[in-house]
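In case you want the letters, here they are:
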Amino acid sequence: MSESISFERAADFYDATRALPDNVAAKLTEALLTELSRLGADRVLEVGVGTGRISRPLMERGIRVQGIDISPAMMRTLRRQLGAGHIVPDLMLGDATRLPVLSGSVPAVLMVHILHLVSSMPEAVAEVARVVPPGGVLLHDMTRYSTGHVHEGPWQASADIWAAALAPHDYERRRRPEPEEVHAALKAQGATLRVEQYATYEETSTPQEHLDSVRNRIYSWSWEFPDDLFAEVFAEYEPKYRTHYGDMDRGLTDAHDHELEIWTFP
C-alpha cells in the first residue's frame, strides 16, 4: 500500500501557490462558521491542517482548532503565522488513517483536498466516522472545474500530454480516488450529504506559468516520481506541451466552483 503524501517539501512555498482569492477565502470561512454554528460547535478537528491556510481564519473568529498533519515543517509554518488574535491550536503529528483522537470526541472534522493524498481513503473515512459522535459532521471542501468554456484551462491538456510522455516508461502511477468513490465510502459509514456552493470564480494563467510549475514540481502529483524518471519524462513532455499551445503567453481560464460538502453521521 502506498504511503500518505507529505507536504514537507512544500512548506516554504505552499501558501504562495495554493492561496484562494481573498473574497473566496472569506466565503469559505463564513460557510464553515455557519455549519459549526448550526451544529452548536466551537471547535473543529482539521485533518491535514498544514500551514493553517483554512483554519487560521477560524481561530481568529473564536473557533478552537485541533490540527493533525504528517508534516512537521508545514505545522512549523502554521505556528510562525499565528498572531495575537488567534486561539492557539492543538497540533498533533499523525496520519489520517490512524487519527490520534479518542472515539466520539470531536463534533466536526474538516478536510480540504486531503482524501486523494492518503494511503487509504476508506480507512481515512472510517477514522472520521470513529472520532465524531452521533450527529457529528465532516466538512469536506471541494473544488470543481467547470467545462465548456471558450478558453481551455491548462490542467487537462497538461495531464494528457504528461500521460503520453510517461506511457513508454512502464511506470504505474498512484491512483487517485474519484469523487464518486469518496461518496460511496462515506455513505457506507451511514453518512448523509448536503452540499452548499459558496463561491465561483475564474482563474487565468498562461501555458508558460503552468509549464514552470511542472518543471519546479510545485504540485503533489509530481512528487511520486523518482528524480531521474521525472527528468526523463519532463524532457519528452515539454516540447509536446509547447507544440500544443504555441503561444506560451496567451491566457488560459479555469472556472472554479467551490462547494462545501456537509456529511452528517448517524
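Residues numbered from 1 in each chain as written. Predicted model: local features only at pLDDT ≥ 70, side-chain atom pairs only at ≥ 80, totals over all residues. Heavy atoms only, no water.

As for the nonpolar core
One finds Leu45 and Val109 to be the most contacted residues of the largest nonpolar core, which totals 35 residues. Elements with a contribution of two residues or more to this core: strand S1 (43–47), helix H4 (72–80), strand S4 (108–112), helix H5 (121–131) and helix H7 (179–188). If you tally residues by element for this core, the top one is H5, at five residues. Leu28, Met75, Ala108 and Leu260 belong to the second-largest nonpolar core, a separate cluster that totals 28 residues. (Core = buried A, V, L, I, M, F, W, Y, C linked by side-chain atoms within 4.5 Å. Buried < 20%, exposed > 50% of the residue type's maximum accessible area, 1.4 Å probe, protein only. Helix = DSSP H or I, 4+ residues; strand = E, 2+ residues; numbered from the N terminus.)

Regarding the packing of helix H8 (residues 207–215) against helix H9 (residues 227–245)
Running from N to C, H8 and H9 cross one another at 175 degrees; their axes reach a closest spacing of 11 Å. The pairing of H8 with H9 is recorded here as roughly antiparallel in orientation. Here Pro207, Gln208, His210, Leu211, Val214 and Arg215 of H8 come into contact with H9, specifically with Phe230, Phe234, Tyr237, Glu238, Tyr241, Arg242 and Tyr245. A breakdown of the residues in the contact of H8 with H9 according to their chemical character gives eight nonpolar, two polar and three charged. (Axes fitted to C-alpha atoms, helices over the stretch in contact; angles between N-to-C directions. Parallel < 35°, antiparallel > 145°, perpendicular 65-115°, else oblique. Contact = heavy atoms within 4.5 Å. Nonpolar A, V, L, I, M, F, W, Y, C, P; charged D, E, K, R; others polar.)

Structural notes on the sheet that holds S1
Here we have seven strands laid out as an open sheet, ordered S3-S2-S1-S4-S5-S7-S6, and mixed in their pairing. The open sheet has two edge strands, strand S3 (90–93) and strand S6 (192–205), and neither has a second partner. Ignoring which end each strand starts from, the neighbouring axes of this sheet average 20 degrees apart. Across the sheet, H4 touches strand S2 (64–69) and S3, and the angle it forms with S3 is around 165 degrees. (Pairing = 2+ DSSP bridges.)

As for the pairing of S2
Of all six residues that make up S2, five are buried, and the element is covered over most of its length. Across five bridges, the pairing between S1 and S2 is parallel. When the sheet's bridge partners are listed, Val44 is paired in S2 with Val65. Between the parallel pair S1 and S2, the chain is carried across by helix H3 (residues 55–60), and the sense of this crossover is right-handed. When S2 meets S3, the two strands line up parallel, connected through four bridges. Residue Ile68 lies in a different strand from S3, and its bridge partner there is Met92. Following the chain from S2 across H4 to the adjacent parallel S3, one finds a crossover that is right-handed. (Right-handed = clockwise from strand over helix to strand, strands pointing away.)

As for unusual backbone geometry
Positive phi values are uncommon outside glycine, yet His113 reaches one of about 55 degrees. Along the chain, His113 falls in the loop between S4 and H5. According to the relative accessible area criterion, His113 is partly exposed, its value standing at 36%.

Points about the pattern of salt bridges
Scanning all chains against the criterion turns up 14 salt bridges. A salt bridge links Arg175 to Glu181; the shortest N-O distance between them is 2.9 Å. With a relative accessible area of 59%, Arg175 lands in the exposed category. Here Glu238 makes a salt bridge to Arg215, at a shortest N to O gap of 3.6 Å. Residue Glu238 is located in helix H9, and its partner Arg215 is located in helix H8; the two are separated by 23 residues in the primary sequence. Beyond isolated ion pairs, a larger network of salt bridges with shared partners links Glu35, Arg38, Arg194 and Glu196. (Salt bridge = Lys/Arg side-chain N within 4 Å of Asp/Glu carboxyl O.)

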